[in-house]
Amino acid sequence: MILYYSTRQTNPKPEDHTIFPEALRLGLAPDGGLYVPDQIPKFPPEFWENIAGMSVSELGRVLLRPWFEDDLTDVELETLVDDALNFDAPLVKLDERTYVLELFHGPTLAFKDFAARTMGRLMAKLLRKPGETLHVLTATSGDTGAAVADGFFGVEGIQVWVLYPSGKVSPLQEKQFTTLGGNVTALEVDGTFDDCQRLVKHAFVDKKLRKRMNLTSANSINIGRLLPQMVYYARAVAQLQEKKLSNKPVYVVPSGNFGNLTAGILALHMGMPAGGFFAATNKNKTFVDFLESGRYEPRPSTPTISNAMDVGDPSNFDRILDLFNKDLDSILSAVLADSVNDDETRATILQTWKDFGYIADPHTAVGLKAWQRRKSEFFDTTIAIVLATAHPAKFADVMPEEVAQHIPDTPALEKLRKRTKQAIPMAADFEAFRKILLQHA
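Residues numbered from 1 in each chain as written. Predicted model: local features only at pLDDT ≥ 70, side-chain atom pairs only at ≥ 80, totals over all residues. Heavy atoms only, no water.

S.K.: Explain the overall build of the protein here, please?
M.R.: A count of helical and extended segments in the protein gives 20 helices and 13 strands. Computed over the C-alpha atoms, the radius of gyration of the protein is 20 Å, within 12% of the 22 Å expected from 2.2 N^0.38 for a compact globule of 441 residues. Seen through its C-alpha atoms, the protein measures out along the principal axes to roughly 60 × 50 × 45 Å. Scored against the burial criterion, the 441 residues of the protein give a buried share of 60%. When contacts within the protein are restricted to residue pairs at least 6 apart in sequence, those whose partners lie at least 24 apart make up 77%. As displayed, the protein has an accessible area near 17,000 Å², and 49% of this comes from carbon and sulfur atoms. Put simply, the protein has 48 plus and 56 minus side-chain charges, and the middle of one group is 4 Å from the middle of the other. (Helix = DSSP H or I, 4+ residues; strand = E, 2+ residues; numbered from the N terminus. Rg over C-alpha atoms; globule rule 2.2 N^0.38 Å. Buried < 20%, exposed > 50% of the residue type's maximum accessible area, 1.4 Å probe, protein only. Contact = heavy atoms within 4.5 Å. Areas by Shrake-Rupley, 256 points an atom, 1.4 Å probe, with all protein chains shown as cover. Lys, Arg positive; Asp, Glu negative; His and termini not counted. Charge placed at Lys NZ, Arg CZ, Asp CG, Glu CD.)

S.K.: Would you take a moment to explain the domain arrangement of the protein for this structure?
M.R.: Where interface size is quoted, it is often the accessible area lost as the parts come together. By domain assignment, the protein separates into domain 1 (88-109 + 224-408) and domain 2 (114-222 + 418-438). Spacing between the C-alpha centres of domain 1 and domain 2 amounts to 25 Å. Each partner contributes residues to the interface: domain 1 has 33 residues there, and domain 2 has 30 residues. For the pair domain 1 and domain 2, the two sides together bury roughly 2,300 Å², of which 50% comes from carbon and sulfur. When the buried area of domain 1 at its contact with domain 2 is split by residue, Thr108, Arg225 and Lys394 rank highest and sum to 28% of it. In this structure, the connection of domain 1 to domain 2 is made through zero salt bridges. Applying the counting criterion to the domain 1 and domain 2 interface returns 14 residue pairs in polar contact (both at pLDDT 80 or more). Take the side of domain 1 that touches domain 2: its biggest share by element is three residues, from helix α10 (residues 223-226). Broken down by class, the residue content of the side of domain 1 that touches domain 2 amounts to 14 nonpolar, eleven polar and eight charged. (Domains from an automatic or database assignment. Buried area = accessible area lost by both parts, 1.4 Å probe. Salt bridge = Lys/Arg side-chain N within 4 Å of Asp/Glu carboxyl O. Polar contact = N/O pair within 3.5 Å; in protein donor to acceptor, adjacent residues only side chain to side chain. Nonpolar A, V, L, I, M, F, W, Y, C, P; charged D, E, K, R; others polar.)

S.K.: Explain the UniProt feature "modified residue: N6-(pyridoxal phosphate)lysine" (unreviewed entry) in the protein here, please?
M.R.: UniProt tags Lys112 as "modified residue: N6-(pyridoxal phosphate)lysine" (unreviewed entry). Checked against the element boundaries, Lys112 lands in helix α5 (residues 112-126). The contact partners of Lys112, leaving out residues within four places of it in the chain, are Asp143, Thr144, Ala147 and Arg225. (UniProt positions renumbered as here; feature names shortened; annotations may be inferred.)

S.K.: How do you make sense of unusual backbone geometry when you look at a structure like this?
M.R.: Excluding glycine, residues mostly carry a negative phi; peptide bonds, for their part, are mostly trans. Phi at Lys244 is positive, roughly 55°, even though this residue is not glycine. Mapped onto the secondary structure, Lys244 falls in the loop between α11 (230-242) and β9 (250-254). Overall, Lys244 belongs to the exposed group, its relative accessible area being 75%. Within the chain, Asn325 stands out as a residue other than glycine whose phi angle is a positive 55°. Checked against the element boundaries, Asn325 lands in the loop between α14 (317-323) and α15 (328-334). Since its relative accessible area comes to 68%, Asn325 is described here as exposed.

S.K.: Teacher, can you tell me more about the sheet that holds strand β5 (residues 134-139) here?
M.R.: Strands pair in a sheet through their backbones, by hydrogen bonds, and they do so in one of two ways: parallel or antiparallel. The strand order β8-β5-β6-β7-β13 describes an open sheet built from five strands, whose pairing is parallel. Two strands in the sheet have a free side with no partner beyond their single neighbour: β8 (215-217) and β13 (424-427). For this sheet, the mean inter-axis angle between neighbouring strands, taken without regard to orientation, is 30°. Against the sheet, α5 touches β5, β6 (158-165) and β8, its axis set at about 155° to β8. (Pairing = 2+ DSSP bridges. Axes fitted to C-alpha atoms, helices over the stretch in contact; angles between N-to-C directions.)

S.K.: Before we go on, may I ask you to explain the pairing of strand β7 (residues 184-190) in this structure?
M.R.: In regular strands, side chains alternate between the two faces of the sheet. Of all the seven residues making up β7, six are buried; the element is thus mostly covered by neighbouring parts of the structure. Here six bridges tie β6 to β7, and the two strands are oriented parallel to one another. Looking at β7, one finds that Pro165 is bridged to Val189. Running through helix α7 (residues 171-178), the crossover from β6 to the neighbouring parallel element β7 is right-handed. (Right-handed = clockwise from strand over helix to strand, strands pointing away.)

S.K.: Just to check I follow, could you spell out the pattern of salt bridges for this structure?
M.R.: Side-chain pairs of opposite charge can arise whenever the charged atoms involved come near each other. Taken as a whole, this structure holds 23 salt bridges when the rule is applied. Between Arg65 and Asp74 there is a salt bridge, with its nearest N and O atoms 2.6 Å apart. Residue classification places Arg65 among the buried residues on the basis of a relative accessible area of 17%. Arg346 serves as the salt-bridge partner of Asp343, at 4.0 Å between the closest nitrogen and oxygen. In this pair, Asp343 and Arg346 both sit in helix α16 (residues 342-356), three residues apart, roughly one turn of the helix.

S.K.: Help me out: how do you make sense of the sheet that holds β9 in this one?
M.R.: Taken in spatial order, the six strands make up an open sheet running β3-β4-β12-β9-β10-β11, and their pairing is mixed. Every other strand in the sheet has two partners, leaving β3 (91-95) and β11 (335-339) as the edge strands with one partner each. The mean inter-strand angle of the sheet, taken between neighbouring strand axes irrespective of direction, is 25°. With four bridges joining them, β3 and strand β4 (residues 98-102) adopt antiparallel strand pairing. Note that in β4 the partner of Lys93 across the bridge is Tyr99. Along the sheet, helix α13 (residues 286-293) contacts β10 (276-281) and β11; its crossing angle with β11, the most-contacted strand, is approximately 125°.

S.K.: What is the right way to read the packing of helix α6 (residues 143-152) against α7 from this model?
M.R.: Between two packed helices, what matters for the description is the angle formed by their axes and the separation of those axes. Between α6 and α7, whose axes approach to 8 Å, the crossing angle comes to 30°. In terms of their interaxial angle, α6 and α7 are classed as roughly parallel. Of the two possible hands of crossing, α6 and α7 adopt the one that is left-handed. In this structure, α6 uses Asp143, Gly145, Ala146 and Ala149 to contact α7, whose residues at the interface are Gln173, Gln176 and Phe177. Classifying every residue of the contact of α6 with α7 by side-chain character gives three nonpolar, three polar and one charged. (Parallel < 35°, antiparallel > 145°, perpendicular 65-115°, else oblique. Left-handed = near helix turned anticlockwise from the far one by under 90°.)

Shown next, in the form of structure tokens:
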């Protein structure tokens, strides 16, 4: 059985561990740390060498089975995964060394659909009790709010609270989680994403509040968010095999709160072949500076056009440390990082369109620029897979005009533009947040 302990436990004792449903429910450990597994199941090389042709849902059934074998039957897991992961993550070639893994083919056009849809169904199956309301708190700088709102919308017994920084998400992103109503409430915070994240974390360590309300989180602070994200890394490996390409690519991961990168590292520990990971950040480069100096110094987030990555104190940093036994040299052996500013991001969007006829959203462009700048440090035969995290139509307002006019629209976004925003304005103050929650306790 896989058990979970807090990243704040240096030498966890048996009584410090908990089972997956409890870790899923709590989101954040009682001591304020993040849950990590006490063991990671590993698949043999033969498995990874023979997954060509397997779909996202087929891979999900296999990879997630050892994680949930004590909580779900085979039939329950198959039904859950097939329902949640019913879309693909196609691998698109730009040039001989650069591929893009498109993770935006789910209902909210962002990579977080993989995790949010799976986690919503896990919570409904494992946590919901008759007559009880489960309150899901999530802070968002963009795509998380949309994916969580969609993944949990209409689920009986679950109330979703989405906290987002006022004026710091794209208009379409905002509409995706502020126009649903029902069991989804949007709180428009006068502050930054870090303020939103702080409010959520504070709620989880408020003992009186937790006694009154059944709280959980849908941010990547929740281990239930990370496990499903391993699946699309495996889908990339499967497609490399189908194309008869090297199965040890460098994964270039646009990074903000670092849940996406942490999921890739978990997949690596499960035996997935990889030539390493490349964390691509925008001006919010706390992690980049850590790799260079060995000192972790969080700072206030800075607004950029790749807004979903505007995080100055990434939560999953603690998980990454734990997965590498808190050893900087071990991290450096597997992870490279670089930061890209807004001017470089816009120039990369334009150049990618001119060179390949491919439209990259700002987050994907950060990854492309980081790879272009640093690829000479790798062997000439090294292939990079840049994770394309969102559909460009969601960011048309910040794209170069020459490119924006060519962005294909989608029926879902056309419909979304006609919907009316519903959000509660709120100061970046915990007592204000606490008061709103208790009104619904």
